[in-house]
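Remarks on the overall topology
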Amino acid sequence: MSNLIRKSVQAMSGYVPGEQPKGEGIVKLNTNENPYLPSPDVQDILSMIDIAVLARYPDPVCIELRKAIAEVHGCAVENVFVGNGSDEVLALCIRAFVERDGSVGYFHPSYSLYPVLADIEAVEKRPVALDVNFGWQMPTDYSASLFFLTNPNAPTSLQYSKVNIEGFIKGFGGVVLIDEAYADFAKENCMDLAMANDNVLVARTLSKSYSLAGIRLGYCVGNAELIGAMYKIKDSYNIDYLTQEVARVAILDQDTMHANVQAIVETRKLVAEKLAESGFEVARSETNFLWVKPKGITAKKLFDELRKRNIIVRYFGNDERTRHHLRITIGTAPEMFRFLDAVEEILEGS
Ligand SMILES: *Cc1c(COP(=O)(O)O)cnc(C)c1O
């Protein structure tokens, strides 16, 4: 059988998404989803949709949705690409910008999808190791065809300074995709760098700050020529009609997104303080999750004990750089109090 499958595909491991457990009473803090409702305009648009339109193909280039995104970011429609989640945006960047003998760079540790996407296209991977505190310094003479610069980074929750990013971009010969999946939870963002530099794209997603992981919508903004190349190679109808409509109204309701983000940022501060009081190392988060190194118990043991109590967080145990930490998504305040009570109980018993 296996001789029917491309060698590079046989050799690679697939991406492992966080689990989506079903059941009553589970506190799900493992995949950085938003615990609050999306914009009420989403409910309204779904109630108004005429099912007759579903018999027709959707707009292949999503003009109305891209107009809404362009309006929010102050750019032109030609500067916006929309994808089936930002995961599709990332995959298309490799297909559009990396030759067969080219290479893809990214931080280690960072979003674990990047190496998988490079493996799918069978191109060289050039990870850049972060220092012991997960800080970033580029090796001298580094080059790659495409660099996925995750800022704030995941799973470490840390934001790198815009000045450093600007410096890196100026001297880099390839395309830089700044993955800003968490930028709405952060103090600053690099959207203006996408408009000012021909080799920079900034990617965003509706999965986190907009509470819409279920519709699969991500986008990137940047140079019209790069965006045009991505439009050449995408699937003909990559965004379905319902998603285009839901995403459009959600993007235009910036107030609901900002209110939800504000609530999460406040809860984040409280949980970070409580965990620090227990002696945990808590990274300075600019995201909707915390990256913590427990005290008095191993990360693995704490993960298992939380799980027994129906509280699911994320543990990346198969990598030396990440196996001493846990990644904890910020849920609602009541969910986080349940989490903190459980941590206290586990620490007392250990
Ligand atoms: C969640 C996440 C994504 C994926 O977003 P989707 O739009 O849901 O595909 C991309 N990059 C990073 C760093 C993420 O954490």
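What counts, and at which threshold
Residues numbered from 1 in each chain as written. Predicted model: local features only at pLDDT ≥ 70, side-chain atom pairs only at ≥ 80, totals over all residues. Heavy atoms only, no water. Pairing = 2+ DSSP bridges. Helix = DSSP H or I, 4+ residues; strand = E, 2+ residues; numbered from the N terminus. Axes fitted to C-alpha atoms, helices over the stretch in contact; angles between N-to-C directions. Contact = heavy atoms within 4.5 Å. Phe/Tyr/Trp six-rings, centres within 6.5 Å; stacked < 30°, edge-to-face > 60°. Buried < 20%, exposed > 50% of the residue type's maximum accessible area, 1.4 Å probe, protein only. 1 Å grid on protein atoms, 1.4 Å probe; cavity = no way out; pocket = protein on both sides within 12 Å on 5 of 7 lines; lining within 4 Å. Points joined across faces, edges and corners; volume = space filled by probe spheres on them. Nonpolar A, V, L, I, M, F, W, Y, C, P; charged D, E, K, R; others polar.

This paragraph deals with the sheet that holds strand 5 (residues 146-150). The mixed open sheet is built from 7 strands, whose spatial order is 2-8-7-6-5-3-4. Here the strands that pair on one side only, and so sit at the sheet edges, are strand 2 (80-83) and strand 4 (124-129). Each strand of the sheet is rotated relative to its neighbour by a mean of 20 degrees, with strand direction disregarded. Inspection of the sheet shows strand 2 paired to strand 8 (residues 218-222) by 4 bridges, in the antiparallel sense. Note on strand 8: the bridge partner recorded for V82 is Y219. Along the sheet face, helix 8 (residues 224-233) touches strand 2, strand 6 (175-179), strand 7 (200-205) and strand 8 and points at about 30 degrees away from the line of strand 2.

Right, let's talk about the packing of aromatic side chains for a bit. The tally for this structure, following the rule as stated, stands at 18 aromatic pairs. Measuring from ring centre to ring centre gives 5.3 Å for F107 and Y160, while their planes differ by 70 degrees; the resulting arrangement is edge-to-face. One end of the pair, F107, is in strand 3 (residues 103-108); the other, Y160, is in the loop between strand 5 and helix 6 (162-170), and 53 residues separate them in sequence. Taking relative accessible area as the criterion, Y160 reaches 8% and is therefore assigned buried. Their ring planes at 85 degrees and their centres at 5.8 Å tell us that Y142 and F147 sit as a pair that is edge-to-face. Per residue, the accessibility class of Y142 equals that of F147, and both read buried. An aromatic cluster is defined as three or more aromatic residues linked by ring pairs; in this entry it consists of F107, W136, Y142, F147, Y160, F168 and F172.

One way to see where empty space is left: roll a probe the size of a water molecule over the atoms. Tallied over the entire structure, the rule returns 1 cavity of 30 Å³ or more. Computed from the structure, the largest cavity encloses a volume of approximately 40 Å³. Lining the largest cavity, in full, are P38, S39, S209, Y210, A250, D253, T256, M257 and N260. A total of 3 residues in the lining of the largest cavity trace back to one element, the largest contributor, which is helix 10 (residues 254-277). Split by residue class, the lining of the largest cavity holds 4 nonpolar, 4 polar and 1 charged.

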